[in-house]
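Here is how the chains run, residue by residue.
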Amino acid sequence: MKHLFEPLRSQPGEFRVALCLSQLGESAFEVLKLAESLGFDSPKSIGDSAGEVWAIVLQQFHGYEADPRVVVDPWDERLSEMWQACEPDAELKLLISHNFEAYHLNAV
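All of the points below concern the structure found in this document. Throughout this document, residue positions are counted from 1 along each chain, in the order its sequence is written. pLDDT decides what is reported in this predicted model: residues at 70 or higher carry local features, side-chain atom pairs at 80 or more are listed and counted, and totals for whole chains, interfaces and linings draw on all residues regardless. Hydrogens and water molecules were not included; the side-chain quantities draw on all heavy atoms of the structure.

In this description a helix means any DSSP run of H or I spanning at least four residues, a strand means any run of E spanning at least two, and both kinds are numbered starting from the N terminus. Along the backbone of the chain there are six helices and four strands. Counting from the amino terminus, helix and strand elements in the chain follow one another as β-α-α-β-β-α-α-α-β-α. For the chain, whose C-alpha radius of gyration is 14 Å, the value lies close to the compact-globule estimate of 13 Å for 108 residues. Across its three principal directions, the C-alpha atoms of the chain cover 40 × 35 × 25 Å. Only protein chains enter the accessibility calculation, which uses a 1.4 Å probe. A residue is then buried if its area is under 20% of the maximum for its type, exposed if over 50%, and partly exposed in between. Split into buried and exposed, the 108 residues of the chain put 36% on the buried side. Taking the intrachain contacts of the chain between residues at least 6 apart in sequence as the baseline, contacts between residues at least 24 apart amount to 72%. For every accessible area listed, the method is Shrake-Rupley and the probe measures 1.4 Å; residues are considered covered only by the protein chains on display. Total accessible area on the chain stands at roughly 6,700 Å², and carbon and sulfur atoms take up 53% of it. A gap of 6 Å separates the mean positions of the 8 positive and 18 negative side-chain charges of the chain. Atoms considered for the radius of gyration are the C-alpha atoms alone. The globule rule reads 2.2 Å times the number of residues to the power 0.38. Note on definitions: a residue-residue contact is assigned when non-hydrogen atoms from the two residues lie within 4.5 Å. Residues scored as positive are Lys and Arg, those scored as negative are Asp and Glu, and His as well as the terminal groups of each chain are ignored. Just so you know, the charge point we use is NZ for Lys, CZ for Arg, CG for Asp and CD for Glu.

What follows is about the environment of F5. Tracing the chain through its elements places F5 in the segment before β1 (14–20). What F5 contacts, discounting residues up to four positions off in sequence, is R16, A18, I46, G47, D48, S49, W54 and I56.

This part takes up the pairing of strand β2 (residues 44–47). Consecutive residues of a regular strand have side chains that alternate between opposite faces of the sheet. Across four bridges, β2 lies against strand β3 (residues 53–61) in antiparallel orientation. If you follow I46 over to β3, its bridge partner there is W54. In sequence, β2 turns back onto β3 through a hairpin of five residues, with G51 there showing a positive phi of about 85 degrees. Here, strands pair whenever DSSP counts at least two bridges between them.

With omega at -5 degrees, the peptide bond leading from E87 into P88 counts as cis. Assignment of secondary structure puts P88 in the loop between α4 (76–86) and α5 (90–93). Positioned with a positive phi, D89 is a non-glycine residue whose angle comes to about 60 degrees. Here D89 is to be found in the loop between α4 and α5.

Here we have four strands laid out as an open sheet, ordered β2-β3-β1-β4, and antiparallel in their pairing. If you trace the sheet from one side to the other, it starts and ends with β2 and β4 (94–98), each paired once. Recorded for the sheet is a direction-independent mean angle of 30 degrees between the axes of neighbouring strands. The sheet contacts of α4 involve β1 and β4, and relative to β4 the element is tilted by about 150 degrees. Fitted lines through C-alpha atoms give the axes, limited to the stretch in contact for helices. The angle between two N-to-C directions lies from 0 to 180 degrees.

Below, the structure is given as structure tokens:
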């Protein structure tokens, strides 16, 4: 059975950046080249249950209790550039997921 990507679900301690190639359309190649130039990983493409094609350009696993400021913050400037490249409607094209205990404690 083939595993389907669930964009909104991440594992404890996971930090992931994914691009929805289906939503990016003709600009997908340009955004992937930008991601590469910014130091993101080689894309790993995968489909989701809605039939969208995603490219995971960063996937790191840390301890769930890791300080997200140490893990995520160093990427802030590059993530901002990626977000701008995905406009308009970047929230449909770029998914930044980080699942750390500190975020859950602050949300309560």
